[in-house]
Amino acid sequence: MIVSWNTTNQCNMYCAHCYRDAGCKVEDELSTDEAKRLLDQIAAAGFKIMIFSGGEPLMRPDILDLVRHAANLKLIPVFGTNGTLITKSMARDLKNAGAKGMGISLDSLDAEKHDKFRSFKNAWQGAVDGMKNCREVDLPFQIHTTVMEWNQHELESMTDFAVEIGAKAHHFFFLVPTGRAKTIEEESLRAEAYENVLTRIMKKQQTVDIELKPTCAPQFLRIADQLGIKTRFHRGCLAGLSYCIISPRGKVQPCAYLNMELGDVRKKSFNEIWKTSEVLNKLRTLNYSGGCGECNYKNKCGGCRARAAYYHNNDYMSEEPWCLYHNRRGF
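In this report, the structure presented in the accompanying data block is examined. Given the structure is predicted, the values throughout are model-derived calculations rather than measurements.

Rules of the game
- Residues numbered from 1 in each chain as written.
- Predicted model: local features only at pLDDT ≥ 70, side-chain atom pairs only at ≥ 80, totals over all residues.
- Heavy atoms only, no water.
- Helix = DSSP H or I, 4+ residues; strand = E, 2+ residues; numbered from the N terminus.
- Rg over C-alpha atoms; globule rule 2.2 N^0.38 Å.
- Buried < 20%, exposed > 50% of the residue type's maximum accessible area, 1.4 Å probe, protein only.
- Contact = heavy atoms within 4.5 Å.
- Lys, Arg positive; Asp, Glu negative; His and termini not counted.
- Charge placed at Lys NZ, Arg CZ, Asp CG, Glu CD.
- 1 Å grid on protein atoms, 1.4 Å probe; cavity = no way out; pocket = protein on both sides within 12 Å on 5 of 7 lines; lining within 4 Å.
- Points joined across faces, edges and corners; volume = space filled by probe spheres on them.
- Nonpolar A, V, L, I, M, F, W, Y, C, P; charged D, E, K, R; others polar.
- Pairing = 2+ DSSP bridges.
- Axes fitted to C-alpha atoms, helices over the stretch in contact; angles between N-to-C directions.
- Core = buried A, V, L, I, M, F, W, Y, C linked by side-chain atoms within 4.5 Å.
- Polar contact = N/O pair within 3.5 Å; in protein donor to acceptor, adjacent residues only side chain to side chain.
- Expected span 1.5 Å × (residues − 1).
- Salt bridge = Lys/Arg side-chain N within 4 Å of Asp/Glu carboxyl O.

1. Focus: the overall build of the protein chain
Of the regular secondary structure elements, the protein chain holds twelve helices and ten strands. A globule of 331 residues ought to have a C-alpha radius of gyration of about 20 Å, and the protein chain, at 19 Å, matches this closely. Out of the 331 residues in the protein chain, the part that is buried amounts to 58%. Long-range pairs, those at least 24 residues apart, make up 68% of the contacts in the protein chain between residues at least 6 apart in sequence. A gap of 5 Å separates the mean positions of the 44 positive and 39 negative side-chain charges of the protein chain.

Encoded structure:
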């Protein structure tokens, strides 16, 4: 059970693909007391992994206090961050507060390309320095890479870099056109390239000891199965099943890329929203249409619900558009 909370909309970058359209802090973000009550409710609902994301979560001044509170609740605090604010002292403070892992974004081995994509000078060097600071204080970290047409050729090399620098994992986030990413939709991989890149990642997994995991590309489980590759993961799309996200203002969504407000934690407890939401309960039926509905990997993969919604007039139960495999047609 995983929940991600966008702790703030504030960010020191202006990334081209940001689903939250982050930059400036928005009015009425959850206060420290409200955030602690939310963490209490998340723990009571049975969630285990607590992702602090943003915007840039390290720009929130009370972040260490919130990490300590989460850890005291026996949640597992982890981060999604651009890494540039992880000084050595911040890395040490995060570890002492109870943080268990940092997911640091790195989208290319070419610093100039990464900096341009992130609209931030020295973003690449800052991210790498953040990784080194984590390594120095023994705070586990992993690399997060957004996969697009322009960087898909260097993914294996980036995994080699992840191994070299001491990352525990390399996770690949396949572009979903939500938020600012709608403006770069043409850079997302189409069906054949999508399949090819997932196959390459699964084959690369056989050559390295760190964990490789595609995100928003649930077909990786079907490909791993076809290649006879074992993985600890048992389900592709988790939206509404064992995962959801909460905005800076406390609005619950099925996932980061399904921009549907299901409830407000200021008005209703998180647990009640999680249990009673009509959208979440519909997602849990797995009653998909089209190829996803007829696919013999429906229970393992499930298709990307956010991508299905974007390309099918907000129908989040429709067919995943960038999948070559459909049970009704074969492969």
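2. Remarks on empty space enclosed by the protein
Following the criterion strictly, the structure yields two cavities of 30 Å³ or more and no others. Roughly 100 Å³ of internal volume is contained in the largest cavity. Lining the largest cavity are 14 residues; nearest its centre among them are C292, C295, C301, C323 and Y325. Partitioning the lining of the largest cavity into residue classes produces six nonpolar, five polar and three charged. Estimated volume of the second largest cavity: approximately 40 Å³. In terms of lining residues, the second largest cavity is bounded by V147, F174, L175, S188, L189, Y194, R307 and W322. For the lining of the second largest cavity, the class distribution of residues is six nonpolar, one polar and one charged.

3. Section: the sheet that holds strand β10 (residues 263-264)
Taken together, ten strands build an open sheet; the order of strands is β7-β6-β5-β4-β3-β2-β1-β8-β9-β10 and the sheet is mixed. Two strands close off the open sheet at either side, each with one partner strand: β7 (211-215) and β10. With four bridges joining them, strand β1 (residues 2-6) and strand β8 (residues 243-246) adopt parallel strand pairing. From the neighbouring strand, V3 faces β8, where its bridge partner is C244. Against the sheet, helix α6 (residues 155-165) contacts β5 (141-147), β6 (169-174) and β7, and its axis sits at roughly 165° relative to β5.

4. A closer look at the nonpolar core
Judged by nonpolar contacts, the single largest core of 92 residues is most densely connected at F52, F174 and F270. In contact with F270, not counting residues within four places along its chain, are V3, L38, Q41, I42, A45, F47, C244, I246, V252 and V265. With six residues, the next largest nonpolar core counts M13, C15, C18 and A22 among its residues.

5. Brief notes about the side chain of T84
Mapping T84 onto the fold places it in the loop between β3 (76-81) and α3 (88-97). For T84, the side chain forms a polar contact with the side chain of N12, separated by 3.0 Å. Polar side-chain contacts of T84 include one of 2.7 Å to the side chain of N82. Every residue in contact with T84, bar those within four places of it in the chain, is listed here: N12, M13, F120, A123, G126 and A127.

6. Concerning helix α7 (residues 191-205)
Helix length check: α7 (15 residues) gives 21 Å between terminal C-alpha atoms against 21 Å at 1.5 Å per residue, within 8%. The set of residues buried in α7 consists of A191, Y194, E195, V197, L198, I201, M202, K204 and Q205. Contacts made by the buried residues of α7 are with β5, α6, β6, β7, α8 (220-227) and α12 (305-311).

7. A short note on the packing of helix α5 (residues 123-136) against α6
Viewed as axis vectors pointing N to C, α5 and α6 meet at an angle of 35°, and their least axial separation amounts to 11 Å. Contact residues: V128, M131, K132 and R135 in α5; F161, E164 and I165 in α6. Considered class by class, the residues forming the contact of α5 with α6 number four nonpolar, no polar and three charged.

8. Some words on the pattern of salt bridges
In this structure the tally under the stated criterion is 14 salt bridges. Among the salt bridges present, the one from E136 reaches K88, with a minimum N-O distance of 2.9 Å. Here E136 is found in helix α5, whereas its partner K88 is found in helix α3, with 48 residues between them in sequence. Between D107 and R118 there is a salt bridge, with the nearest N and O atoms lying 2.7 Å from each other. Placement of the pair is D107 in the loop between β4 (101-105) and α4 (111-118) and R118 in helix α4, with a sequence separation of eleven residues. The buried category is assigned to D107, whose relative accessible area is 0%. Since its relative accessible area comes to 6%, R118 is described here as buried. Members of the salt-bridge network, linked through shared partners, are D28, E34 and R266.

All quantities given are derived from atomic positions and should not be read as evidence of function.
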